[in-house]
Amino acid sequence: MDRARRPRRSRSGRIRLWSGAVTAALALSLTTAQQASAADVNNARNAGFESGLAHWTCSANSGTTVSSPVHGGSAALKATPAGQDNARCTQTVAVRPNSTYALSAWVQGGYAYLGATGTGTTDVSTWTPDSTSWKQLSTTFTTGANTTSVTVYTHGWYGQQPYHVDDVSVFGPDGGGGTDPDPVVPATPTGLAVGSTTASSVSLHWNTVSGATGYSVYRNGTKVTAVTGTSATVTGLAPSTSYSFQVTATNAAGESAKSTAVTGTTTTNPGGGTGVPKHAVTGYWQNFNNGAAVQRLSDVQAQYDIIAVAFADATATPGAVTFNLDSAGLGGYTVDQFKADIRAKQAAGKKVIISVGGELGTVRVNDSASATNFANSVHALMQEYGFDGVDIDLENGLNATYMSQGLRSLSQKAGPSMVLTMAPQTIDMQSTSGAYFQTALNVKDILTVVNMQYYNSGSMLGCDGKVYSQGSVDFLTALACIQLEGGLAPSQVGIGTPASTRAAGSGYVSPTVVNNALDCLTRGTNCGSFKPSRTYPDLRGAMTWSTNWDATAGNTWSNAVGPKVHGLP
C-alpha cells in the first residue's frame, strides 16, 4: 500500500519490459497449423522418452529422463541449464520436401523453448515462461524443395530452473525415418484417493497409467475436468456435502473404463475468521496523514466489514512488530479513544485487524526465531488493542516457510476466530511457485481472504496465458482466475483497487469496473473479452486503499462497491 502515493518505478519498469517480452513471444507462437491428412504421422522418434534419450542429444550432458513429472506414459525429459549452457536437446527428424508439419511438445518447469532449424524455408520457434503444470507449445513449419531432414530442438534459459518435455510431435507426411508404435487404450487407473478438502473443493490423486496422456475426472457420473497429471482439485462444490468421484485414463487411442469410485465430503467453513460475512468489503485505515481525509476509526464508512489498520511498525528484534498510534498526525486522537472505537466497530459486527508491511514496511521473518517473534508480538497487539487478526501486506518479499510458520503459531495463540488477510502485489500471484502464493496455500485452512492489489502494476498474464494491462475489467478477472484455479477457495479471493485516482500511482478503475468484474466472476455477466470457464458465486468480495481516500472522494467507492458486494449471490 502507498504511504506517499508514488508508483514503484523500478519494479513496474521491470514488469513492463518482461510483459512486453511475453507479448512478443505469445505473438510468435500463434501460428495456425494446416489440417493433417489421414496419411500423416508423428515423425519424431522416442517422442515420449520411454526409451531414455535414444534419438536425442543434449548439450553438456544436461538432459536425463525422469519418471515424475510426466505428461504421458512413464517417462519425460528433464534438462537442466547452467550458467553457460541453455540445456539444448535435439533430434534429427526425417521429413518430405515441400511439406507442412505441425511441431508440438508438452513442457513444464523453467523457461522452455521449442523449435526447428534446417527447414529450407523459415525456421520456427516458440517458448513459455516457467509453468507449474504441463503446457503445450505448438507451431508449424514448411520444408524446402530439397529438405529431407530438420533438427527439432528444445532448450531452457541460462542459469534458470530445469525444464521438462514430453510427448514431442512432428506431425505431417511420413519422412521415412520410422515412427513410434501406435498407442493403445490405457488401463483403468488405480489408487484413486481423496486428499485435502475445503467447503467448496475436494482434491484427488491416483496412480500413473502407462501410455496415458491425460485423465478425466467424473463427479457423480458426470465429467467435470480433464488433467494431464495424476491429481486434480474439483471445485465449485457445496459445503458439508458428499460426492462420488471416478477417474479414467486417456490417450489418442481412446478412454479407459472408469476407476473404482471414492467418496469425498466437503467441510463446513472454509479458512479462518469466524463472523466475517460471506461477502465482505475490506478497507485500509491510514494511521498517518498523507493528504487524504484524516479519519478516526469511528469515521470509517459503514460499508466496510474488515478494517485493516495500516500499519504495524518493525522493531529492532527480527520479525517483531509494534504499533504506534500517530496521535499528532490524526489531530490528537488518543490510544484510549482508538481502543474504544475498535470495540464499537466490533459491536457493530465489523472486524478490525492490524496490517503488517505496506510499501515502506521492512518486517523480515526469515528463520524460526523471527517467526516466533512475529507471532508473539502480533498476538500481544491483539491482546492490547483488541485486534481481530492480522493482514500481511509485505511488499518487499517474504519467506514462505517461516512466514507460514509464524502465522500458524499466531493462529494457535489466537484461536479459530482469528481473521487472516493478505494483500500481495500482482507479480506475487502470477504463479503458485511464488513465495506469496505458496504462503497463502500453506495457511489455506486458517486464511480468510487474499485481496491482491490490482494497481501500481505493469501488464500481467491472466489464467488463459494472455497478457492484460491494468485498468480494465479483464485485468481484474483474468488475474483473479489464477488464484481461483490455483488452489484458493473462491471465498478466499477478493479484488483490491484504489478508492480514487489519488490513492495509487496507477491502475485506478471506476467502481463500475469493479462491479462488472464482480458480476463476471460470480454470475458470468458484464465480462470483457475474458470470460472465465465457470463462475465463482462464493467470491469473498473487494478491498480498497483506503477508507481515507474513499472519504476524500466523497465515499464514491464504498457507496457503489459496498452494496454490490453485499448483494452477491
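See the structure shown above.
Student: Would you mind showing me how to read the overall build of the protein here?
Tutor: When its secondary structure is counted, the protein shows nine helices and 30 strands. Against the compact-globule benchmark of 25 Å for 569 residues, the protein has a radius of gyration of 26 Å, which places it among compact chains. Reported as C-alpha extents along the three principal axes, the dimensions of the protein are approximately 85 × 50 × 50 Å. When each of the 569 residues of the protein is scored for burial, the buried share is 52%.

Student: Sorry if this is basic, but what is going on with the sheet that holds strand β2 (residues 57-58) here?
Tutor: The strands that make up a sheet are held in pairs by hydrogen bonds between backbone atoms, and each pair lies either parallel or antiparallel. Overall, antiparallel pairing links the five strands, which are arranged β2-β5-β10-β7-β8 in an open sheet. At either end of the open sheet lies a strand with only one pairing partner, and these are β2 and β8 (124-128). Alignment of strand β5 (residues 89-94) against strand β10 (residues 149-155), held across six bridges, turns out to be antiparallel. When the bridges of β10 are listed, valine 93 appears paired with valine 150.

Student: Where do I start with the environment of valine 321 in this structure?
Tutor: Mapped onto the elements, valine 321 comes out in strand β22 (residues 321-322). For valine 321, a relative accessible area of 6% gives the class buried. The spacing of valine 321 and valine 356 is 35 residues in sequence and 7.9 Å in space, taken between C-alpha atoms. Those residues within four positions of valine 321 in sequence are excluded, and the remaining contacts are Ala312, Asp313, Thr315, Val356, Val363, Ser377, Val378 and Leu381.

Student: Can you walk me through the sheet that holds strand β13 (residues 202-205) in this structure?
Tutor: Taken together, three strands build an open sheet; the order of strands is β12-β13-β16 and the sheet is antiparallel. The open sheet has two edge strands, β12 (193-197) and β16 (231-234), and neither has a second partner. Ignoring strand direction, the axes of neighbouring strands in this sheet form an average angle of 25°. The pairing of β13 with β16 spans four bridges and is antiparallel. Bridged to leucine 204 within β16 is alanine 232.

Student: Would you mind showing me how to read the pairing of strand β6 (residues 100-109) here?
Tutor: A regular strand places its side chains so that they alternate between the two faces of the sheet. Summarising the sheet, β6 and strand β9 (residues 131-142) pair through nine bridges and their orientation is antiparallel. Each bridged residue has a counterpart across the sheet, and for valine 107 the counterpart in β9 is lysine 135. In this sheet, strand β11 (residues 163-172) lies alongside β6 in antiparallel orientation, the contact comprising seven bridges. Considered in β11, the bridge of leucine 103 is made with valine 170.

Student: I would appreciate a short explanation of helix α5 (residues 435-442) in the present structure.
Tutor: In an α-helix, one full turn covers 3.6 residues, which means residues spaced three or four apart are oriented alike. For α5, the full list of buried residues reads Tyr436, Phe437, Thr439 and Ala440. Each buried residue of α5 lies within a common arc of 160° when the element is viewed along its axis, so the set occupies one face.

Student: Looking at this model, I keep getting lost on the packing of aromatic side chains. Mind explaining?
Tutor: On inspection of all chains with the given rule, the structure shows 23 aromatic pairs. Aromatic pair tyrosine 243 and phenylalanine 245: ring centres 6.3 Å apart, planes at 45°, arrangement tilted. On the accessibility criterion, tyrosine 243 (11% relative accessible area) is buried. According to the relative accessible area criterion, phenylalanine 245 is buried, its value standing at 0%. Here phenylalanine 338 and phenylalanine 387 contribute two aromatic rings whose centre-to-centre distance is 6.2 Å and whose plane-to-plane angle is 65°, an arrangement assigned as edge-to-face. Of the two residues, phenylalanine 338 is situated in helix α2 (residues 335-347) and phenylalanine 387 in the loop between α3 (368-385) and β24 (389-394); the sequence distance between them amounts to 49 residues. Overall, the relative accessible area of 0% leaves phenylalanine 338 in the buried class. Taking the relative accessible area as the measure of exposure, phenylalanine 387 reaches 3% and is therefore buried.

Student: Help me understand the environment of glycine 486, please; the structure alone is not making it clear to me.
Tutor: Looking at where glycine 486 falls in the secondary structure, it is placed in the loop between α6 (473-485) and β29 (493-498). Once residues lying within four places of it in the same chain are set aside, the contact partners of glycine 486 are Thr432, Phe437, Leu441 and Cys481.

Student: Help me understand the pattern of salt bridges in this model?
Tutor: When the charged atoms of two side chains lie near each other, side chains of opposite charge can form a pair. Enumeration according to the criterion identifies six salt bridges in this entry. For aspartate 519, the salt bridge is made with arginine 523, and the minimal N-O distance between the two is 3.0 Å. With a gap of four residues between them, aspartate 519 and arginine 523 both fall in helix α7 (residues 511-523), about one helical turn apart. Salt bridges sharing common partners tie together Asp519, Arg523 and Lys564.

Student: I keep staring at the state of the cysteines and nothing clicks. Help me out?
Tutor: Each disulfide is one covalent bond, formed between the sulfur atoms of two cysteines. One pass over the full model with this rule turns up three disulfides. Across the disulfide from cysteine 58 sits cysteine 89; the S-S distance is 2.1 Å. Torsion about the S-S bond of the cysteine 58 and cysteine 89 cystine: about 115°, corresponding to right-handed handedness. Here cysteine 89 lies in strand β5 and cysteine 58 lies in strand β2, a separation of 31 residues in the sequence. In this pair, the class of cysteine 58 matches that of cysteine 89, namely buried.

Student: Please clarify how unusual backbone geometry should be interpreted in this entry.
Tutor: Along the chain, alanine 310 connects to phenylalanine 311 via a cis peptide bond; the corresponding omega equals 5°. Within the secondary structure, phenylalanine 311 is located in strand β21 (residues 306-314). Phi angles above zero are rare outside glycine, and alanine 87 is one such case at about 60°. Tracing the sequence through the fold places alanine 87 in the loop between β4 (76-79) and β5. Alanine 87 sits in the buried class, given a relative accessible area of 0%. At asparagine 98, a residue that is not glycine, the phi angle is positive and equals roughly 50°. Looking at the element boundaries, asparagine 98 is found in the loop between β5 and β6. The exposed category is assigned to asparagine 98, whose relative accessible area is 57%.

Reading guide: rules and limits
In this convention, every chain numbers its residues from 1, walking through the sequence in written order. A pLDDT threshold of at least 70 governs which residues receive local features in this predicted model, and a stricter bar of 80 or more applies before side-chain atom pairs are shown or counted, although totals over entire chains, interfaces and linings include all residues. Remark: hydrogens and water are excluded; side-chain values derive from all non-hydrogen atoms of the structure. Think of it this way: any DSSP run of H or I at least four residues long counts as a helix, any run of E at least two long counts as a strand, and we number them from the N terminus. Taken over C-alpha atoms, the radius of gyration is set against a globule rule of 2.2 Å times the number of residues to the power 0.38. Each residue's exposure class comes from its accessible area (1.4 Å probe, protein chains only) as a fraction of the maximum for that residue type: buried when under 20%, exposed when over 50%, partly exposed otherwise. Strands qualify as paired when DSSP identifies two bridges or more between them. Residue contacts are defined here by distance: any two heavy atoms, one from each residue, within 4.5 Å place the two residues in contact. Only C-alpha atoms enter the line fits that serve as axes; for helices the fit covers just the stretch in contact. Angles between N-to-C directions range over 0 to 180 degrees. Arc definition: it is the arc formed by the directions from the helix axis to the C-beta atoms. Put simply, two rings from Phe, Tyr or Trp (the six-membered ring, in Trp's case) pair if the centres are within 6.5 Å, and we call them stacked under 30 degrees between planes, edge-to-face over 60, tilted for the rest. When a carboxyl oxygen of Asp or Glu is within 4 Å of a side-chain nitrogen of Lys or Arg, the pair counts as a salt bridge. For the purposes of this analysis, a disulfide is any pair of cysteine sulfur atoms at a distance within 2.5 Å.

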